[in-house]
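Below are the chains, spelled out letter by letter.
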Amino acid sequence: MKTIQVKSSKGHYKLCIGRGLLPRTGALVSGIFAPGAKVMVVSQKNLAPYLETIAASLSKKGFEVHFHRLPDGEVAKSGAELFRLSYALLARGFERRDGIVAVGGGVVSDLAGFAASVYLRGIRYVNVATTLLAQVDSAIGGKTAIDLKEGKNLLGSFWPPALVISDVSVLRSLPARELRASLGEVVKYGVIRDAVLFHWLERHGKKILRKDLGAIEKVVLACARIKAEIVSRDEFETKGARAFLNYGHTFAHGIEGALGYKGLVHGEAVAIGMMMAGQLGADLGLCPEELPWRQMRLLVSLQLPVSLKKFNLKTVAILKAMMKDKKKHQGTLRFVLPRRIGKVAVEKDIPLAALRKILHLAGAK
Ligand SMILES: NC(=O)c1ccc[n+]([C@@H]2O[C@H](COP(=O)([O-])OP(=O)(O)OC[C@H]3O[C@@H](n4cnc5c(N)ncnc54)[C@H](O)[C@@H]3O)[C@@H](O)[C@H]2O)c1
Ligand SMILES: [Zn+2]
């Protein structure tokens, strides 16, 4: 097992990454929750095969284990589910000394983390991350949220987990599309910060599609290190460093919005968004002409989509959805664009004509 430290305003917390960690859950969370504390294991149906192991190891260490099941999918990040979990904690007498163990992907930890941040004005929670996306991204950094009908992640908090356990062996049961889509985010880390990782993915990335656990572990470690370093420096997204994690995301959010969040999963939209950001960087002369091509070859080799053609989307619909995103940044659209593989910078005031050209090139009408 490897550990990585993350700095936060609530103290440091550890990311534990390795294989066969679930039976050690109880031992790993000892010291976080008080002896004899109640622990609510929040999870979903798909994680049922792992819950017995987790519960047994928690009971063995003297914790009182309770279970709460969330529905599958983004619908779990709702006000109704936040209240349902809060009432379940209340009904079982959870106090400040007790805590939550969120077992699942980003959906479970976003909802459970948000509940943890507001229940009794805040209790501790641990993320047992079970998707590749969660292990490289969403379980780390303390962003929690639920969705409103007006948009995703509109109600949330910064509430760091007390511990993150990433057992890569559980990724074996992850649906192939989920695994592939998360590779969009993995490539992102290569472009924004780690040319060695990018090169490694070019040579060995396919091993991940074959669920080679050694390869997966290497990639989870590399990406988790980058995310940990960035959020340690910029926990509340006020200093700029965290913005680099948005590489490809301004376009991706525009695409997802224009599609009404159907047809593409997030990591796939990010892959197309990175294609656009790479090409924009080259068009503006900020990075070598070759970069978007190299990035495209890698994305294609990882079986990620690189074009919007089949979706029949209008350029104006994507631009409109991107503008909605812009409201979050005081009215200016900002793009994280590459300088070279491993280095990006934030750029403002991109001419509209350049954006239109990029969207056309990617297959929008
Ligand atoms: N908080 C953050 O910093 C952050 C960052 C990125 C994304 N997110 C959020 O994360 C969510 C997406 O998370 P996700 O991609 O992990 O999806 P997810 O949590 O919906 O999980 C995907 C599917 O895989 C199933 N699953 C999970 N682990 C499994 C396993 N080991 N074996 C079999 N099935 C398994 C889940 O039940 C679900 O059906 C979005 O809501 C997004 O907004 C949050
Ligand atoms: Zn993302």
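Conventions adopted
- Residues numbered from 1 in each chain as written.
- Chains lettered and ligands numbered in written order.
- Predicted model: local features only at pLDDT ≥ 70, side-chain atom pairs only at ≥ 80, totals over all residues.
- Heavy atoms only, no water.
- Buried < 20%, exposed > 50% of the residue type's maximum accessible area, 1.4 Å probe, protein only.
- Helix = DSSP H or I, 4+ residues; strand = E, 2+ residues; numbered from the N terminus.
- Donors = N, O, S within 2.8 Å, 3.2 Å for Na, K, Ca; no water.
- Salt bridge = Lys/Arg side-chain N within 4 Å of Asp/Glu carboxyl O.

Draft legend 1. Helix 10 (residues 249-258), seen in detail. In terms of burial, helix 10 is largely enclosed, as seven of its ten residues are buried. Downstream of helix 10 by a residue or two, G260 has a phi angle that is positive, lying close to 65°.

Draft legend 2. Examining the coordination of the zinc ion (ligand 2) more closely. The protein atoms that coordinate the zinc ion (ligand 2) are E185 (OE), H249 (NE2) and H266 (NE2), at distances spanning 2.0 to 2.1 Å. Using a relative accessible area of 0% as the deciding quantity, one classes E185 as buried.

Draft legend 3. Focus on the pattern of salt bridges. Per the counting criterion, the structure on display carries 18 salt bridges. For the salt bridge of K152 with E74, the shortest nitrogen-to-oxygen distance reads 3.7 Å. With K152 in strand 8 (residues 151-158) and E74 in the loop between strand 4 (64-70) and helix 3 (79-91), the pair connects residues that are 78 residues apart, well separated along the chain. The class for K152 is partly exposed, based on a relative accessible area of 31%. Accessibility expressed as a relative area gives 32% for E74, which makes it partly exposed. For the salt bridge of E185 with K188, the shortest nitrogen-to-oxygen distance reads 3.0 Å. Within this pair, E185 and its partner K188 are both found in helix 6 (residues 176-193), separated by three residues, close to a single helical turn. Among the ionic contacts, a cluster of salt bridges with common partners joins E74, K77, D110, D147 and K152.

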